Amino acid sequence: MAVKYWINGGVDNNWGTSGNWSLASGGGGGAGVPSSSDDVTFDGNGNVNCTIATSLRSSKTLTITSGYTSTITFTTGLSVLGNITINSGFAGTLSPNGGTLSMVTASGTWTSNGYIYSIPLGNNASTTITLADDLKTTSNYTSNNNVVLTNNTLTVGGSISIATGTASGTANIIMNGSGSLSTAAGAILKNNVTINSAGSVTIGNMNYNTGTLTNTSGLITSTGVISINTSNTTLDLAGASIGGITVSVGGITITFKSGVILTGSLTATGPIQSAHAFFVSSVGGVQRSVTLAQGATQSINFLDATDINSSAGQTIWTWRGILSNTNNWNVMSTSPRTASYTYC
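Residues numbered from 1 in each chain as written. Predicted model: local features only at pLDDT ≥ 70, side-chain atom pairs only at ≥ 80, totals over all residues. Heavy atoms only, no water.

Draft legend 1. Here's a closer look at the overall build of the protein chain. A count of helices and strands for the protein chain gives zero helices and 40 strands. Its C-alpha atoms put the protein chain at 85 × 35 × 30 Å along the principal axes. Here the protein chain, with 344 residues, has 51% of them falling under the buried criterion. For the protein chain, long-range pairs separated by at least 24 residues make up 28% of all intrachain contacts whose partners lie at least 6 apart in sequence. Side chains of the protein chain carry 9 positive and 9 negative charges; the gap between the two charge centres is 12 Å. (Helix = DSSP H or I, 4+ residues; strand = E, 2+ residues; numbered from the N terminus. Buried < 20%, exposed > 50% of the residue type's maximum accessible area, 1.4 Å probe, protein only. Contact = heavy atoms within 4.5 Å. Lys, Arg positive; Asp, Glu negative; His and termini not counted. Charge placed at Lys NZ, Arg CZ, Asp CG, Glu CD.)

Okay, here's the thing in structure tokens:
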């Protein structure tokens, strides 16, 4: 393990050239290309451009000081096994060109000091990432394994994709640009997510549990279905249209802080008679609208509803459901468990 410094006066501008690295700040080259056991530093004594190219690169940690004012271009990715630190006052550029900056350690701290990234960010290993301050990118964030994001806020200007595993933790996530929000099959998103965009956000098929999904501004376009299958969840979508909601287990409460329109489906076939699922308003006695569009399908076993108004769409039917202060809901006398159905 060593600390390796990017130098001025090396062989070329390629991260992968041995002669561009020194064991001392401003020292001679030839220290070898950094590996996953080496700490990497860019400082004022190595103030020339660097391109990460040819293949995926790695380091133990990454530190960029305020003295470095040049450009690091991410043509391929950089995987960091420990802390990522951008020092206060950094005036250089991390330039996007197809590569991603990822944390791939069991635990690490990501410090940005106000720097706004324009490159894609993510994690490629099961990790706990502590945000020492707000982490912001105008590009995308992709999680390729389990990740616990703790403290502060992750702001993403592009798309968020949970490709594998579970994303959770106390960090709030904000989408403030145009992009998509989705999880792959089997992957789960649990963080609080706020859509606060002047653009358009597409919600794809998504397993979302535990957190609160909020739309404060921006156009939501969606044919995706939000599946809620592990724990209580809150939706505050401000009347937006989504493809549908699926509840796959009993005992779960979905709380609505504002209205939502379901254009494709409403499914609650997982709950059993002894463990219903629940649709409730966030304020007792104050109705929230859950509109099931004409032509959408519904397949429901044991779903209770309190303070839910569905009068703007088709009637919602539940078998042996318990209803309180609802509009356009009915309890059917025979079980619909064998087939999906459409009421218009």
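Okay, back to it.
Draft legend 2. Looking closely at the sheet that holds strand β10 (residues 93–96). Pairing is parallel in the open sheet, where three strands are placed in the order β4-β7-β10. Of all the strands in the sheet, just β4 (50–52) and β10 have a single pairing partner and so form its edges. Taken over all neighbouring pairs, the strand axes of this sheet differ in orientation by 20° on average, direction set aside. One ladder, built from four bridges, connects strand β7 (residues 71–74) with β10; its direction is parallel. Of the residues in β10, the one forming a bridge with T71 is T93. (Pairing = 2+ DSSP bridges. Axes fitted to C-alpha atoms, helices over the stretch in contact; angles between N-to-C directions.)

Draft legend 3. Region of the structure containing the nonpolar core. Counting 76 residues, the largest nonpolar core has F42, L101, Y117 and F279 as the members making the most contacts within it. Dropping the residues within four chain positions of it, F42 is found in contact with W6, W15, W21, C50, L62, T63, I64, T65, Y68 and I72. (Core = buried A, V, L, I, M, F, W, Y, C linked by side-chain atoms within 4.5 Å.)

Draft legend 4. Fine view of unusual backbone geometry. A positive phi angle is found at N151, which is not glycine, with a value near 70°. With respect to the helices and strands, the residue N151 is situated in the loop between β18 (147–150) and β19 (153–156). Residue classification places N151 among the partly exposed residues on the basis of a relative accessible area of 38%. Non-glycine residue D307 carries a positive phi angle of around 60°.

Draft legend 5. Layout of the pairing of strand β32 (residues 260–268). In the sheet, strand β30 (residues 241–247) pairs with β32 via five bridges, with the strands oriented parallel. Bridge assignment links I245 to a residue of β32, and that residue is L266. Pairing geometry for β32 and strand β34 (residues 288–292), over three bridges, is parallel. Residue pairing across strands places V260 opposite V290, the latter belonging to β34. One ladder, built from four bridges, connects β32 with strand β35 (residues 297–300); its direction is parallel. Residue pairing for β35: S265 is matched across the bridge by T297.

Draft legend 6. Geometry of the side chain of H276. Structurally, the position occupied by H276 is in the loop between β32 and β33 (277–281). One polar contact links the side chain of H276 to the main-chain carbonyl oxygen of Q273, over a distance of 3.1 Å. (Polar contact = N/O pair within 3.5 Å; in protein donor to acceptor, adjacent residues only side chain to side chain.)

Draft legend 7. Geometry of the packing of aromatic side chains. Enumeration over the complete set of coordinates arrives at 12 aromatic pairs. On the basis of an interplanar angle of 90° and a centroid distance of 6.2 Å, the ring pair of W110 and Y117 is categorised as edge-to-face. By the burial criterion, W110 is buried, and Y117 matches it. Taken together, the ring pairs in this structure connect W6, W15, W21, F42 and Y68 into an aromatic cluster. (Phe/Tyr/Trp six-rings, centres within 6.5 Å; stacked < 30°, edge-to-face > 60°.)

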